[in-house]
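# Topology and contacts: notes
Residues per chain, in single letters:
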Amino acid sequence: MTVISARGCGIMAFMDLSLAIASEVQAALDAGRPVVALESTVISHGLPYPHNLELARAMEQDVRHGGAVPATVGVVAGVPTVGMDAAAIERFAQTDPQPRPSKVSRRDLGYVIASGGDGATTVAATMVLAHLAGVQVFATGGIGGVHRGARESWDVSADLMELTRTPVLVVCAGAKAILDLPATLEYLETGGVPVLGWQTDEFPAFYSAASGLPAALAPDASFVARVWRTHRALGGAGMLLAVPPPAEYALDRTVAEAAIECALRRATEEGVHGPAVTPFLLAALARETGGESVRANVALLRRNAQVAAQVAAAIAGVV
Ligand code: PSU
Ligand code: MN
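Conventions adopted
Residues numbered from 1 in each chain as written. Chains lettered and ligands numbered in written order. Predicted model: local features only at pLDDT ≥ 70, side-chain atom pairs only at ≥ 80, totals over all residues. Heavy atoms only, no water. Salt bridge = Lys/Arg side-chain N within 4 Å of Asp/Glu carboxyl O. Helix = DSSP H or I, 4+ residues; strand = E, 2+ residues; numbered from the N terminus. Buried < 20%, exposed > 50% of the residue type's maximum accessible area, 1.4 Å probe, protein only. Axes fitted to C-alpha atoms, helices over the stretch in contact; angles between N-to-C directions. Parallel < 35°, antiparallel > 145°, perpendicular 65-115°, else oblique. Left-handed = near helix turned anticlockwise from the far one by under 90°. Contact = heavy atoms within 4.5 Å. Nonpolar A, V, L, I, M, F, W, Y, C, P; charged D, E, K, R; others polar. Core = buried A, V, L, I, M, F, W, Y, C linked by side-chain atoms within 4.5 Å. Phe/Tyr/Trp six-rings, centres within 6.5 Å; stacked < 30°, edge-to-face > 60°. Expected span 1.5 Å × (residues − 1).

Right, let's get into the pattern of salt bridges. Under the criterion given, the structure shown has nine salt bridges. Ionic pairing is found between R64 and E24, a salt bridge with its closest N-O pair at 2.7 Å. With a gap of 40 residues between them, R64 in helix 3 (residues 51-65) and E24 in helix 1 (residues 23-30) connect regions that are remote in the sequence. Using a relative accessible area of 39% as the deciding quantity, one classes E24 as partly exposed. Put simply, E261 and R148 hold a salt bridge, and the shortest N to O gap is 3.5 Å.

A word on the packing of helix 8 (residues 158-165) against helix 9 (residues 181-190). Where helix 8 meets helix 9, the closest approach of the two axes is 9 Å, and the angle between their N-to-C directions is 25 degrees. Taken as axis vectors, helix 8 and helix 9 run roughly parallel relative to one another. In terms of crossing hand, the pair formed by helix 8 and helix 9 is right-handed. On the side of helix 8, the interface is formed by L160, M161, L163 and T164, while helix 9 contributes T184, Y187 and L188. Its residues assigned to classes, the contact of helix 8 with helix 9 shows five nonpolar, two polar and no charged.

As a further point, take the nonpolar core. Nonpolar side chains tend to gather and get buried jointly when the protein is soluble and globular. The biggest cluster of nonpolar side chains holds 108 residues, and the ones touching the most others in it are V82 and L241. Take this core: its biggest share by element is twelve residues, from helix 13 (residues 292-316).

Under the criterion given, the structure shown has one aromatic pair. Residues F206 and Y207 carry aromatic rings whose centres are separated by 4.8 Å and whose planes lie at 90 degrees to one another, so their mutual orientation is edge-to-face. Accessibility classification places F206 together with Y207 in one group, the buried group.

Between its terminal C-alpha atoms helix 12 (residues 277-288) stretches 16 Å, which fits the 16 Å expected from twelve residues at 1.5 Å a residue. Within the sequence span of helix 12, burial applies to V277, P279, F280, L281, L282, A284, L285 and A286. Contacts from the buried residues of helix 12 go to helix 2 (41-46), strand 7 (102-104), helix 11 (253-269) and helix 13. Positioned one or two residues after helix 12, G290 has a phi angle of 60 degrees, which is positive.

Structural data, given as structure tokens:
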């Protein structure tokens, strides 16, 4: 592995892969200072414009306020990038440019890189690139999981598999209630992925704090850092830290559930399947709840960025 300086960013070259790492990110990694990775699918496919752009900027600010360096991850014109610049983030957020960045999970990385396109990385693909760059902590909204009806559709997000193999600590608000949450937790248990709850022993259901499902209570960032180091020393890979959504933005559980039912029905009626399912459901939910789901989504993403910065600082040993 060699590191060559380039315009404003370093290029880390692996055998057949060059990774662009923003110089600020590389400097922090070299000095052992905290870095928090952020994903780009939530920008391109998770939230409507302009909320997505405001959110991308706000999350970077939140990470900085927490004393860490943000690294938004994506494939920019065929270049896998850890620490996208403002122009790239803006392009990924825009609705107009054609073609739009594609949604890129682990299996799609090679294709989008080889074809020189823009790729918005999911949780799985962001973990892959963050880990190659040496970033340990990643903040997102919700991870993908086992979809309802997976027994017929086999729709299980690649995020889950990635957590079982790639050592990145993912800070999230649990998995969206559009999913089968008990089945998602079963998968994570089988895969040896610890599921910690941030100051709670309940696994959050994204739009609301309550799911009735368990998480392992983590009282503070230094505790999370100790669990992480031990998990890694034992040969473990990914780990989840689930943060309940801020109470003032949380959606009422019955309202959320009704909106989800409706969104799922429409997805079935319209024959939506594959990678299109999650973006479709998110957009349908936003309409169903008159934008309330988007406000909740933004609030919890920002909270997760703040918590991730604290945890990254504890892992780096700077607090
Ligand atoms: N959950 C959200 N918002 C999102 C996603 C999930 O609340 O934007 C995105 C993430 O990028 C996640 C992906 O990795 O959807 C999962 O997609 P799929 O279910 O197709 O694996
Ligand atoms: Mn899927």
